[in-house]
Amino acid sequence: MAKAKNVLFIMFDQLRWDYLSCYGHPHLETPHIDRLAKRGVRFARAYIQSPICGSSRMSTYTGRYVHSHGASWNGIPLKVGEQTLGDHLRAAGMGCWLVGKTHMRADAEGMARLGLEPDSLIGARVAECGFDVFERDDGMRPEGPDGMYDPGGAKAYNEYLREHGYDSDNPWHDFANSGLDEDGNVLSGWFLKNSAYAANIEEDDSETPYLTRRGIDFIKQAKGPWCCHLSYIKPHWPYVVPEPYASMYGPEHVLPPIRSRSEFDDAHPVLKAFMGTKVGQAFSQDHVREAVIPAYMGLIKQADDQMGMLFKWLEDTGKMEDTMIVLTSDHGDFLGDHWMGEKTFFHDTSTKVPLIIYDPSPEADATRGTVCDALVESIDLAPTFVEVAGGQVADHVLEGESLLPILHGARNRTKRNYVICEYDYSASPIAALMDVDVREAVMFMVADKKWKLIHCEGGYRPILFDLESDPEELNDLGDDPEYSRVISDMYDKLFAWARRPSQRTTRSAEQLRQMRGNRGTGVVIGIYDENDTPLELTVHYRNRTAPPYQDRHGRKAGPKSE
């Protein structure tokens, strides 16, 4: 084994941590991802920083909390000036390339203010979250009365489909993400009942195999050292998968939902609002789950098979010997657990993600096949990659910590004793339904290995879960006076996190320490007599002569008269 000089950073979209066999799913076998875990370290407590695509990814790409980078919801731009993974890695001599999804929205106003042209090298990198783009594919091409959600979504993929005989103005929808009935009618994947149908596409032409090939295409031509962010679109909705995966699983493989009647009836007002959304109401019905979850499982099985093909190619070409492989997700999916769909709340179903890291270096031999129980955050990946690239981690900018000491057996835990997740739903329709001001439509989660506290702005009481006695998070203890001390202690952690100097990014801690002793520039505040301070500090003020100043009335400057 050689030292890792490249990084293959694989991210799936909306992949639940517990829907892999190495994380304990009883029906869904994922042998190729499991094999990667046996060759590396599987993290059991990896948490995202926001339960929604855009802001979660921006935290991963910047190595900073949402509170710091400000891109707090889908469609909110990452402001110009935020350094990203690409900035840090290129400074360390490693290229940083994208194949797939980022969900990045460029700060067009900020770029215009600074005169950054989008088609310039710097402008393109700023507009693409710091990546050099091999192929961007956010995988979203829905269309409504207001037009396309993302006019550039799946652009290259759509062209590929047309070239391969999928004749449509939007083959992403009509073929890759829809079924077909006997009369040739498109059964749109946007309607959950159609998840039970196979996608009307050759399996090899569907999104996941397509992106695997594009990832291999990149690696074939890459000049190292490189970081390749191979960012898959699935198993994110629309929940539609081609054969043979569409027929692999049925209602008998659908696990019972993690929920209780009392959980719903006695729910905290904010949680109850999320349960009451359209998607929450849909996934609370068994027939919806029985249509969707088999397709979701099929998408994951297809992803695992693609990982098998990718890993074999890396082995056959020798790339496995010098490439770190990181496999994770941007968030989970409720799938009816806790009476919700989607991902936008703080249960582990959504906020805990799979994280597997394979390091080919000899230093990692001692930890191969192990499971790490440390509290890990997605922001830890950026400093990890910087260390792999041989760079100095800018810890006044990057708020995570490198995981290399854990991978190499020097540590078995991170330095933190809690994790943070944030959700700003001020731009979400649910904020309008709740009639919540934009400044109050925010929530924070702070969790350690024992407790999870959720703070909702707007004057609401907190939500509290005992993760040891109630790992399924069904019993909210937030209004029980018996736990007031626990709530106070968890708030102390949240406040300590909120007080960190997250915006002091232009000077490192070492530079600040050096500035403390910088007294050689002639500033001698508070010195009454020249002999009260070292000679070398005032040498430029001693033994100097000058002609007396004479004002317009002929009076000369000098000591004031007694």
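The shown structure was predicted, so the numbers you read here are calculated from the model rather than taken from an experiment.

Rules used in this analysis
Residues numbered from 1 in each chain as written. Predicted model: local features only at pLDDT ≥ 70, side-chain atom pairs only at ≥ 80, totals over all residues. Heavy atoms only, no water. Buried < 20%, exposed > 50% of the residue type's maximum accessible area, 1.4 Å probe, protein only. Helix = DSSP H or I, 4+ residues; strand = E, 2+ residues; numbered from the N terminus. Pairing = 2+ DSSP bridges. Axes fitted to C-alpha atoms, helices over the stretch in contact; angles between N-to-C directions. Contact = heavy atoms within 4.5 Å. Parallel < 35°, antiparallel > 145°, perpendicular 65-115°, else oblique. Nonpolar A, V, L, I, M, F, W, Y, C, P; charged D, E, K, R; others polar. Phe/Tyr/Trp six-rings, centres within 6.5 Å; stacked < 30°, edge-to-face > 60°. Left-handed = near helix turned anticlockwise from the far one by under 90°.

Caption draft 1: Up close: the pairing of strand S9 (residues 226–231). With six of six residues buried, S9 lies mostly within the body of the structure. Of the two faces of S9, the one lined by Trp226, Cys228 and Leu230 and the one lined by Cys227, His229 and Ser231 are each fully buried. Pairing of strand S1 (residues 6–12) with S9 involves five bridges; the strand directions are parallel. Within the sheet, the bridge partner assigned to methionine 11 lies in S9 and is serine 231. Both strand S3 (residues 95–100) and S9 contribute to a ladder of six bridges, which runs parallel. Paired with glycine 95 across the strands is tryptophan 226, a residue of S9.

Caption draft 2: Molecular detail of the sheet that holds strand S17 (residues 463–466). Strand order in this open sheet of four strands is S14-S15-S16-S17, and the pairing throughout is antiparallel. Only two strands of the sheet have a single partner each, and these edge strands are strand S14 (419–424) and S17. Strand-to-strand twist in this sheet, taken as the mean axis angle between neighbours without regard to direction, amounts to 10°. Both strand S16 (residues 451–456) and S17 contribute to a ladder of four bridges, which runs antiparallel. Counted as the bridge partner of lysine 452 is phenylalanine 465 from S17. Sitting on the sheet, helix H18 (residues 484–498) touches S14, strand S15 (442–447), S16 and S17, and the angle it makes with S16 is about 70°.

Caption draft 3: Quick look at the pairing of S3. Pairing of S3 with strand S4 (residues 132–136) involves four bridges; the strand directions are parallel. Each bridged residue has a counterpart across the sheet, and for valine 99 the counterpart in S4 is glutamate 135.

Caption draft 4: View of the packing of helix H1 (residues 31–39) against helix H13 (residues 286–316). Where H1 meets H13, the axes come as close as 7 Å, and the angle between the chain directions of the two elements is 50°. For the element pair H1 / H13, the angle class is oblique. The segment H1 lies against H13, with Pro31, His32, Ile33, Arg35, Leu36 and Arg39 engaging Lys301, Asp304, Asp305, Met307, Gly308, Phe311 and Glu315. Class assignment of the residues belonging to the contact of H1 with H13 gives a composition of five nonpolar, two polar and six charged.

Caption draft 5: Focus on H1. Buried residues of H1: Ile33, Asp34, Leu36, Ala37 and Arg39, and no others. Against strand S2 (41–47), H13, strand S10 (323–329) and strand S11 (352–358) lie the buried residues of H1.

Caption draft 6: Inspection of the packing of aromatic side chains at higher detail. On inspection of all chains with the given rule, the structure shows 26 aromatic pairs. Ring geometry for tyrosine 160 versus tyrosine 210: centroids 4.9 Å apart, planes at 50°, classification tilted. Of this pair, tyrosine 160 sits in helix H7 (residues 155–163) while tyrosine 210 sits in helix H9 (residues 207–221); the two residues are 50 residues apart in sequence, bridging distant segments of the chain. Tyrosine 210 shares its class with tyrosine 160; the two are buried. With a centroid separation of 5.2 Å and an interplanar angle of 65°, the aromatic rings of tyrosine 166 and phenylalanine 175 are classed as edge-to-face.

Caption draft 7: Examining the packing of H9 against H13 more closely. Direction vectors running N to C along H9 and H13 enclose 20°, while the axes themselves pass 10 Å from each other. It follows from the interaxial angle that H9 and H13 lie roughly parallel. For H9 against H13, the interelement crossing comes out right-handed. Each of Thr208, Pro209, Thr212, Ile216, Ile219 and Lys220 in H9 lies in contact with H13, whose residues at this interface are Gln302, Ala303, Gln306, Leu310, Trp313 and Leu314. Considered class by class, the residues forming the contact of H9 with H13 number seven nonpolar, four polar and one charged.

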